[in-house]
Amino acid sequence: GSGGYDQMHGQTFMPGKRKRLNVVAILLNALIPSMAFAMSGWAFSFSTHYEQPMLTWLLLVLALLISMISYVLGRCNRQVAGQPMWYTFFAISFALASLLGAALGDYLFHSTMEAAFNFQSMSSYPAVDPAKQKGQEIMDAGRVYFSSGSKLDLSKSMSFHNFDEYCVA
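Because the structure is a prediction, the values reported are computed rather than measured. Each residue is numbered by its place in its chain's sequence as written, counting from 1. Local features in this predicted model are restricted to residues of pLDDT 70 or higher, and side-chain atom pairs are both shown and tallied only at a pLDDT of 80 or more, whereas totals for entire chains, interfaces and linings draw on every residue. Side-chain descriptors were evaluated using all non-hydrogen atoms of the structure, hydrogens and water having been removed beforehand.

Asker: Looking at this structure, how should I read helix α2 (residues 23–45)?
Answerer: Two residues of an α-helix separated by three or four positions point the same way, owing to the 3.6 residues in each turn. Strands here mean DSSP runs of E at least two residues long; helices mean DSSP runs of H or I at least four residues long; both are numbered from the N terminus. Helix span, as expected, comes to 1.5 Å for every residue beyond the first. Counted at 1.5 Å a residue, the expected span for α2 with its 23 residues is 33 Å, and the 33 Å between its end C-alpha atoms agrees. Along α2, the residues that are buried comprise A25, N29, P33, A36, S40, G41, A43, F44 and S45. Burial classes: relative accessible area under 20% of the type maximum marks a residue as buried, over 50% as exposed, and values in between as partly exposed (1.4 Å probe, protein chains only).

If you want it as structure tokens, here you go:
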């Protein structure tokens, strides 16, 4: 049966013929892709994506470039030295972790954070006196604080629907 294979490669399961595991490679292949997932998820979820979107995408391209280099090194190393496929495994897991982190971060950004950043970037107007200031002057307002003594004339209020309900007083 497998006698030819065992003679060619040595008997793997014989006492004293054990192959050593590369503990450093195992740890790096477990930790670095996890860190890539966390970092790409962070970059795509928060203010970096809002304030510098090109940098965010550049980080993802850099991660994929690292994966490609590792894959090429793995293929060369496998053909020359017949070593285990640590580079190839690293390349695939690093690319997947980076892409999945970016996809999750992008989803979280667009579903939750983008609206908050848009609101935060809008202007704030304190002590607005509606008798002296027109609405056209504060069209970029995210927050309007009216001066004390201001009252709403509810007979002139209205609202409209555009996915959400907006009230105009």
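Asker: Hey, could you run me through a nonpolar patch on the surface in this one?
Answerer: Each patch is assembled from residues with relative accessible area greater than 30% and no salt bridge, linking like charges that lie within 9 Å and nonpolar side chains (Val, Leu, Ile, Met, Phe, Trp, Tyr) that lie within 5 Å. A 1.4 Å probe and the Shrake-Rupley method give the accessible areas. Residues count as covered only by the protein chains that appear here. Salt bridges are counted wherever a side-chain nitrogen of Lys or Arg sits within 4 Å of a carboxyl oxygen of Asp or Glu. The grouping of L55, L58, L59, L62, L65, I66, M68, I69, L73 and Y87 at the surface amounts to a nonpolar patch, some 920 Å² of accessible area in total. Checked against the element boundaries, L65 lands in helix α4 (residues 53–81). Residue class for L65 comes out partly exposed when judged on its relative accessible area of 41%.

Asker: How should I be thinking about the packing of aromatic side chains in this particular structure?
Answerer: Each aromatic ring pair is summarised here by two numbers: the centre-to-centre distance and the angle between the ring planes. Working definition: a ring pair exists when centres of Phe, Tyr or Trp rings (six-membered ring for Trp) sit within 6.5 Å. Plane angles under 30 degrees give stacked, over 60 give edge-to-face, the rest tilted. All chains considered together, the criterion is met by five aromatic pairs. Both rings, one in F44 and one in W57, keep their centres 4.8 Å apart while their planes meet at 90°; by these two values the pair is edge-to-face. Taken together, the residues F44 in helix α2 and W57 in helix α4 connect sequence positions 13 residues apart. A relative accessible area of 1% places F44 in the buried class. Between the aromatic rings of Y50 and F117, the centroid separation amounts to 5.2 Å while the plane-to-plane angle is 25°, which identifies the pairing as stacked. Of this pair, Y50 sits in helix α3 (residues 47–51) while F117 sits in helix α5 (residues 86–121); the two residues are 67 residues apart in sequence, bridging distant segments of the chain. For Y50, a relative accessible area of 28% puts it in the partly exposed group. By relative accessible area, F117 is classed as buried at 12%. The rings of Y50, F109 and F117 are connected pair by pair, giving a single aromatic cluster.

Asker: Any chance you could explain the environment of D129 here in plain terms?
Answerer: Position of D129 among the secondary structure elements: in the loop between β1 (123–128) and β2 (141–146). By relative accessible area, which is 25% here, D129 ends up partly exposed. Considering only alpha carbons, one finds D129 and F146, 17 residues apart in sequence, at a separation of 6.0 Å.

Asker: Explain the environment of A25 to me, please; I cannot follow it from the model alone.
Answerer: Along the polypeptide, A25 turns up in helix α2. Residues A25 and F90, spaced 65 residues apart in sequence, show a C-alpha to C-alpha distance of 9.1 Å.

Asker: Just checking my understanding: could you explain the packing of α2 against α5 for this structure?
Answerer: Angle between the axes and distance between the axes are the two parameters that describe a pair of packed helices. Fitted lines through C-alpha atoms serve as axes, helices being fitted only where they are in contact, and the angles separating the N-to-C directions of these axes extend from 0 to 180 degrees. Following both chains from N to C, one finds α2 and α5 inclined at 25°, their axes separated by 7 Å at the closest point. Judged by the inter-axis angle, α2 sits roughly parallel to α5. In this structure, the crossing between α2 and α5 has a hand that is right-handed. Note on residue categories: nonpolar means Ala, Val, Leu, Ile, Met, Phe, Trp, Tyr, Cys or Pro, charged means Asp, Glu, Lys or Arg, and polar means any other residue, Gly included. In terms of residue class, the contact of α2 with α5 is built from 18 nonpolar, eight polar and one charged. Orientation categories follow fixed angle ranges, with anything under 35 degrees roughly parallel, anything over 145 roughly antiparallel, 65 to 115 roughly perpendicular, and all other angles oblique. In a left-handed crossing the near helix is turned counterclockwise from the far helix by less than a right angle, and in a right-handed crossing that turn is clockwise.

Asker: Even after reading the chapter, I still don't get the environment of M113, so can you show me in this structure?
Answerer: Turning to its location among the elements, M113 is positioned in helix α5. Residues M113 and S47 lie 66 residues apart in sequence; the distance between their C-alpha atoms is 8.5 Å. Contacts are residue-level and defined by heavy atoms, with any inter-residue pair within 4.5 Å sufficient. The contact partners of M113, leaving out residues within four places of it in the chain, are S45, F46 and L108.

Asker: Explanation requested: the side chain of S40 in the structure shown.
Answerer: Mapping S40 onto the fold places it in helix α2. A polar side-chain atom of S40 sits 3.0 Å from the main-chain carbonyl oxygen of S98. Counted as a polar contact is a pair of N or O atoms within 3.5 Å, where, for protein atoms, one must be capable of donating a hydrogen and the other of accepting one, and residues adjacent in sequence contribute only when both atoms are in side chains. There is a polar contact of 3.3 Å between the side chain of S40 and the backbone nitrogen of A102. Setting aside residues up to four positions removed in sequence, S40 forms contacts with A97, S98, G101 and A102.

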